[in-house]
Amino acid sequence: MLNMNRFSPPQPIGIVDHIGSSVKTELKLGSPVLVTDPTRFDGFAEYVYKTTDYLVPLPDLRPEYLVSYGSGLTASIGIDIAGRVKPGDKVLIVAAAGGTGQIAVQWAKYRGAYVIGTTSSEEKAAYLKSIGVNCVINYKQVDLDQTLTEKFPVSRGCLIVLF
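Residues numbered from 1 in each chain as written. Predicted model: local features only at pLDDT ≥ 70, side-chain atom pairs only at ≥ 80, totals over all residues. Heavy atoms only, no water.

Once that is clear, we can look at the environment of Gln106. Structurally, Gln106 is set in helix H2 (residues 99–110). Each C-alpha atom, one on Gln106 and one on Ser31, is 29 Å from the other, the two residues being 75 residues apart in sequence. In terms of polar contacts, Gln106 uses its side chain to reach the backbone carbonyl oxygen of Gln102, at 3.0 Å. (Helix = DSSP H or I, 4+ residues; strand = E, 2+ residues; numbered from the N terminus. Polar contact = N/O pair within 3.5 Å; in protein donor to acceptor, adjacent residues only side chain to side chain.)

So, in C-alpha cells, the structure goes:
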C-alpha cells in the first residue's frame, strides 16, 4: 500500500506504506516510488494498492519525477518507435528546450543523430547548445522554413521531425 499524500497527479508518486507478508521485493517501508499502472490513474487517491510490477524506485520524492516519466516516455516513443532514429539521422526537435524536447534531444544524441532544435530565445538557444544540439534555430530571429530549406535540402537525406 502506498501513501499518496505527498503529490496527486494521474501517474502518482508516493511512499511505500505497507508490504504484504508474501511480497518479495527490495523495496522497504518508506521507499519513494513512481506508479506506472497503465490501467488506472489513481493519483488523486490517498492510498493505492499496487503490485511491485507497477512500482519504479525513486531516490526521493520530487514533483519533477512526475513530468520526467511522461516526457521521457513521449521522447522515447518519438525517437525509438515512430522515428526509428539511427546514427547519422537528422532529427528536428520542435520546442527543444521544453520538458519533452530536452529529453528528446539527449535521447537522439545518444542514438547518434544530428540534432536540430528550435527555440524562441537566446537563453534557451544557449541551453540547447550546452546539451549537445548540433544546430539551434531561434524561430523568432530567422524564418524557420527558409533556414531549414537552405541548411537541410531534401537531397541531403532524411529529416525526422518530432513535435
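Moving on, there is more to tell.
Our next topic: the sheet that holds strand S7 (residues 114–119). Spatially, S8-S7-S6-S9 is the arrangement adopted by the four strands of the open sheet, whose pairing is parallel. One side of each edge strand has no neighbouring strand; the edge strands of this open sheet are strand S8 (135–138) and strand S9 (159–162). Direction aside, the axes of adjacent strands within the sheet are offset by 20 degrees on average. In the sheet, strand S6 (residues 90–93) pairs with S9 via four bridges, with the strands oriented parallel. Directly across from Lys90, in S9, lies its bridge partner Leu159. Sitting on the sheet, H2 is in contact with S6 and S7, with an inclination near 170 degrees to S6. (Pairing = 2+ DSSP bridges. Axes fitted to C-alpha atoms, helices over the stretch in contact; angles between N-to-C directions. Contact = heavy atoms within 4.5 Å.)

This next bit is on the confidence of the model for the protein. When pLDDT is averaged along the protein, the result is 87, and 91% of the positions lie at 70 or above. By mean pLDDT, strand S1 (residues 2–3) is the weakest element of the protein at 56, and helix H3 (residues 122–130) is the strongest at 98. (pLDDT = per-residue confidence, 0-100.)

All right, on to the environment of Ala113 then. For Ala113, the location among the structural elements is in the loop between H2 and S7. With a relative accessible area of 6%, Ala113 lands in the buried category. For Ala113 and Val85, which are 28 residues apart along the polypeptide, the C-alpha to C-alpha distance reads 7.0 Å. Residues in contact with Ala113, not counting those within four places in the same chain, are Val85, Lys86, Gly88, Asp89, Val91, Ala108 and Asn134. (Buried < 20%, exposed > 50% of the residue type's maximum accessible area, 1.4 Å probe, protein only.)

Right, let's get into the side chain of Asp89. Tracing the sequence through the fold places Asp89 in the loop between helix H1 (64–82) and S6. Exposure remark for Asp89: the relative accessible area of 12% places this residue in the buried category. At 2.9 Å, the side chain of Asp89 and the backbone nitrogen of Lys86 are in polar contact. Leave out the neighbours within four places in its chain, and Asp89 touches Arg84, Ala113, Tyr114 and Ile160.

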